[in-house]
Amino acid sequence: MAPTPDGELEDQILGKIATLFEQTLSRPPPSSIVDLWKEHSAIRRILDEVSSLQSKVSDTDKRLSDSVRDAEVIKKFMAWADGVGVARNNVTIGDTKTNGLSLQATGTIPNGHIVARVPRHAMMTLDLAKKSSLLKKAFERDPIVSGMDNVGLALFLAVHWLQSEKSKWHSYISILPNSFPTPLFYTEEQLLQLKPSPIFEEALTFYRTIARQFCYFLLAVAKNKIYESAQRRKDARNTMDVPIFYNAPFTVFNFTPRLYFWSVGTVTTRVNMVPSENGSGDDGKAIMIPALIPLLDMANHESVVTDQPVDDLVCYAPADECAVITSHCDLEAGKEVTIFYGCRSKGEHLIHNGFIPINHQKQDFFKLKIGIPKSDKTLEAKKKLIEKYVQNVYCTGNIFHVDLYNYPEQPFPLDLLMFAAIFVCPEATDSAITKPEIRKKGLEFLKTRFSLLKRSYEASFDASKLTEIGIDGDAARLKAGESEILQMALSYCEKLEKQNI
């Protein structure tokens, strides 16, 4: 039988995905940032080619692109929310003009007032994903789906997006953004704006991970057709297990890179944690699982500049089986109801939330990486010394990682000095690394490293954009903060040098 046009397209899609997965994504990422960038461009190009082929049969990407969050969509969502028991106290959803949609007060709301309650049955939770007949086999048999909670929830969202009006959560899904301002959705030009920040590499690695998951899942979806073909042959009917996505609405054409990336982006930027219905852990405490909480996830972030602990303004009330959001100040009608997203670094805000607050709280850090050449004959001996004496530096292969903080009094742990001594010492022995001249040489190494890194930030951002909203402002705030931390680390080294430490 001659192949059908759709069959030929499917073969082309699967050929590209299988090659990408087997030759690139199933292997460790390149250690060189230059090679990682080249690989990223190649992955992006192949996924674009796959999307183009899929669009000849499926309207998935067009539907995502064409979705709007207009007044009618908001009205339908609010009616749905009221219908499923979401309780609102003087709050609705409105347009902020600059930050998309948000929760807004419709009347006076006093400080500490519960503004909304969302019952568990209105949420999209990992518990429901596991019980879903559409994904049950995947959770039971696939290590990635069962072992990575956010992945499982993202697939559950993708399933319900494809179900459209048939989904219980159609009105909620319709009000979600069709894209997100996180680096996962950046263009190549926008990604390059992050250099020389370590977040540039982190963004590429995250994109690679999600691309790998997509390819893995699409190849699993393709097994549905192979299974159905086997079932039509009596001699092969019982030779193949039922594929993990056999009951899901996924096909090789409608499960697109954009749909999966969008699902991951939605979970990454909007997830909250709620207690599982399925018991507790060994310590007796409730197992926390990811959930998408309609209405509550419309609350935008507000920076809190304080050294005091900040209460979680979104919490779960077990007695009432609902999530609640509480106002943190007195509000008048028309004002935004905001929450504090948590103590995150600027880089974490960008990767997970898609923005860096203009008034970022105090906590921030720089991810420092130092590599000992694989050709160094003392590498293994040095690794043993580092493991023995240095607690705050962790190792992946021959690369060592430590966080620098924006604390002028002590921007890095003192055992980094011991790491530096081990790094520069020609003899990897306990006695050699404690010699004064080696400790001094190690401190000089750190000073030089911090100075060179800081110099790489010069002219890498426009200070006039520090208060802008969007990628230009985010990149400027990210790099300005990291440059400041490097200066703190350099100054601290100079202080230690004067103290002969």
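Keep in mind the model is a prediction, meaning the values are calculated, not measured. (Residues numbered from 1 in each chain as written. Predicted model: local features only at pLDDT ≥ 70, side-chain atom pairs only at ≥ 80, totals over all residues. Heavy atoms only, no water.)

Colleague: How do you make sense of the side chain of Thr-256 when you look at a structure like this?
Modeller: Its location among the elements puts Thr-256 in the loop between helix H11 (198–231) and helix H12 (257–270). Owing to a relative accessible area of 1%, Thr-256 belongs among the buried residues under this scheme. From its side chain, Thr-256 meets the backbone nitrogen of Leu-259 in a polar contact 3.1 Å long. Look past the residues within four positions of Thr-256 in its chain and what remains in contact with it is Gln-54, Thr-60, Asp-61 and Phe-214. (Helix = DSSP H or I, 4+ residues; strand = E, 2+ residues; numbered from the N terminus. Buried < 20%, exposed > 50% of the residue type's maximum accessible area, 1.4 Å probe, protein only. Polar contact = N/O pair within 3.5 Å; in protein donor to acceptor, adjacent residues only side chain to side chain. Contact = heavy atoms within 4.5 Å.)

Colleague: Is there a simple way to think about the domain arrangement of the protein in this case?
Modeller: When the parts of a complex come together, some accessible area is lost, and that lost area is often taken as the interface size. Parsing the protein into structural domains produces domain 1 (5–63 + 155–166 + 181–262), domain 2 (80–122 + 269–346) and domain 3 (364–499). Its C-alpha centre places domain 1 at a distance of 37 Å from the equivalent point of domain 3. Across the boundary between the two partners, domain 1 contributes 11 residues, which contact 12 residues of domain 3. Summed over both sides, the interface of domain 1 with domain 3 buries roughly 960 Å², with 56% coming from carbon and sulfur. Together, Gln-193, Pro-196 and Pro-198 form the three largest contributors to the area buried by domain 1 at its contact with domain 3, with a combined 48%. At the junction of domain 1 with domain 3, the criterion picks out two salt bridges. One salt bridge in this structure joins Lys-367 and Glu-202, with 2.8 Å as the shortest N-O distance. At the boundary of domain 1 with domain 3, the tally comes to six residue pairs in polar contact (both at pLDDT 80 or more). Looking at the side of domain 1 that touches domain 3, the element that brings in the most residues is H11, giving four residues. For the side of domain 1 that touches domain 3, the class distribution of residues is five nonpolar, three polar and three charged. (Domains from an automatic or database assignment. Buried area = accessible area lost by both parts, 1.4 Å probe. Salt bridge = Lys/Arg side-chain N within 4 Å of Asp/Glu carboxyl O. Nonpolar A, V, L, I, M, F, W, Y, C, P; charged D, E, K, R; others polar.)

Colleague: Quick question: what am I supposed to make of the sheet that holds strand E1 (residues 87–88) here?
Modeller: Across a sheet, strands are paired by hydrogen bonds formed along the backbone, either parallel or antiparallel in direction. With antiparallel pairing, four strands are arranged side by side in an open sheet as E1-E4-E9-E8. Only two strands of the sheet have a single neighbouring strand rather than two, namely E1 and strand E8 (314–317). When E8 meets strand E9 (residues 322–326), the two strands line up antiparallel, connected through four bridges. Each residue of the ladder has a partner; that of Cys-315, found in E9, is Val-324. (Pairing = 2+ DSSP bridges.)

Colleague: Sorry if this is basic, but what is going on with unusual backbone geometry here?
Modeller: For residues that are not glycine, phi is negative in most cases, and the peptide bond is trans in most cases. Pro-196 follows Lys-195 through a cis peptide bond whose omega is 0 degrees. Summarising the element assignment, Pro-196 is placed in the loop between helix H10 (188–192) and H11. Backbone geometry at Ser-164 places phi at a positive 55 degrees, although glycine is not the residue there. Turning to its location among the elements, Ser-164 is positioned in the loop between helix H8 (149–163) and helix H9 (170–174). Judged by its relative accessible area of 15%, Ser-164 is buried. At Ala-459, a position not held by glycine, the phi torsion is positive, near 65 degrees. By the secondary structure assignment, Ala-459 is in the loop between helix H16 (436–456) and helix H17 (471–498). On the basis of relative accessibility, which here comes to 83%, the residue Ala-459 falls in the exposed class.

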